[in-house]
Amino acid sequence: MKPIKNFFNKIAFGAILAVTLHAQTKDAPKWINELPMSPGSIYGVGLVNRYYEKKAGEDAADSAARSELAQTLKLNIKTITQSWSGTIGGTGFVQELEKTIDDDVFQSVKNAKILERWVSPEALTYSLAEMSLSGATASIQKKVVEAAKKSADKGDLKKIEKLETSLKGLSDPKSYIRNERPVWIAILPEEEDAIFGVGIAEKFYFYVNGREAAKDKARAELAATVKTQVNAAMTDWFETNEGSSSGGSSTSFTESMSDQVSEATLSGSQIVETWYDKSAKWHYALARMSLSKVISQIQDKAKEKVKDPTKLKGLSDKLASLINRDFLKTKSGIPAWITKMPQIKGSVFAVGIDNGKYFSETQGIEKAKADARTKLAKTVSVNVENVTKSWLEVSEKSGD
């Protein structure tokens, strides 16, 4: 009788869940799943978790919505300038430009109107912001053109005119729509002193929730990558320089510093771009982080724990070496580590592969991660076994 009762309980639970989801969908505004479109304006939706104070939650959601607008505006400017800079061979032009227009972008979105807010049954706060493009982009266009004139040769006036024409597209809301699949989903960008991570989230009920989940996963990818490399460097340095004098263990030192790595990743990472695959209903997010900034924060924390400041130079050198990571570069669109295993003192690597039978891209990625970890475990296990056997053989021969 129990199986039958459980079966009907599941049906009842499913019915309740369906009613709840229907109620949420009915109450939720349309803009949570589909941004409005109107001439001369772009829109952004911000989402924050529950706050004890209503006003604090609203302010945070409003700020998140404006951040989305800033990201959208910067991405469109970057796309236009990247296409133009390719005609003059100026690869560093776009990176420098991004830094110089940050304040202009901030001022543009600062006065964006908050049109509406919604609080879900789970107490999540959503905000819809609107920014007029007419006056917001004029100062940015002017600054981009001025920077381009300095970067280009004197004989490139026609190319400057072409850039000015392209920048006029910033006032067209349709130019902000990204339908094509971004290259970074398959091949991570390469940039000096920067590390990138991609997050993927599948089939969320609300579009905005899926987008935020992808961002969180991208940041988690960054944290995991940086932690592994930084922990290896700090352990190697501690055992050589600090362990004997402090009487501490490399494990406790590394664990205490790992928290700093996580904090630095959260504060130092930025979401460069998000993309939504409408057919598969998957969300993608690209996160970027400056390694030098993270390393600087870790070094500041290390100063509190290391007794002899002269030894910090060695730690600085080890951490700085992480910036030059040739094994993360790509050749013909394929990461170098797929064909050649990295060789870094104090570290062991393994490449994981999924069997390609997963319908879900996320499941395939997780399978590859698990496969890599399994191979690492086997490699370490074999090495430990060989060392142990050698030691036993020597001990038996010596009679110890």
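Further up the page is the structure itself.
Not measured: the values here are computed from a predicted model. (Residues numbered from 1 in each chain as written. Predicted model: local features only at pLDDT ≥ 70, side-chain atom pairs only at ≥ 80, totals over all residues. Heavy atoms only, no water.)

Asker: Explain the environment of Gln260 to me, and be specific about the residues and the numbers.
Answerer: Here Gln260 lies in helix H10 (residues 250-268). A relative accessible area of 10% means that Gln260 is categorised as buried. Each C-alpha atom of the pair Gln260 and Ala302 lies 9.6 Å from the other, and the pair is 42 residues apart in sequence. In contact with Gln260, not counting residues within four places along its chain, are Gln297, Ile298 and Lys301. (Helix = DSSP H or I, 4+ residues; strand = E, 2+ residues; numbered from the N terminus. Buried < 20%, exposed > 50% of the residue type's maximum accessible area, 1.4 Å probe, protein only. Contact = heavy atoms within 4.5 Å.)

Asker: Pulling in residues and values, what's your account of the pairing of strand S1 (residues 41-48)?
Answerer: Extensive coverage of S1 is indicated by the burial of eight of its eight residues. Residue alternation in S1 divides its side chains into two sets, Ser41, Tyr43, Val45 and Leu47 and Ile42, Gly44, Gly46 and Val48, and both sets are buried. By the bridge criterion, eight bridges tie S1 to strand S3 (residues 125-132) in an arrangement that is antiparallel. Opposite Val45, over in S3, you have Leu128 as the bridge partner. (Pairing = 2+ DSSP bridges.)

Asker: How would you sum up the packing of aromatic side chains? Please name residues and give values.
Answerer: Tallied over the entire structure, the rule returns six aromatic pairs. Seen from their ring centres, Trp118 and Phe206 are 6.0 Å apart, and the 90 degrees between their planes marks the pair as edge-to-face. Pair noted here: Trp118 is in strand S2 (residues 113-119) and Phe206 is in the loop between strand S4 (194-202) and helix H8 (207-241), with a separation of 88 residues, a long-range link. Look at Tyr207 and Tyr276: their rings are 5.1 Å apart centre to centre, the planes differ by 90 degrees, and that puts the pair in the edge-to-face class. Residue Tyr207 is found in helix H8, and its partner Tyr276 is found in strand S5 (residues 269-277); the two are separated by 69 residues along the sequence. Judged by its relative accessible area of 24%, Tyr207 is partly exposed. These aromatic residues form a ring-pair network of at least three members: Trp118, Tyr126, Tyr205 and Phe206. (Phe/Tyr/Trp six-rings, centres within 6.5 Å; stacked < 30°, edge-to-face > 60°.)

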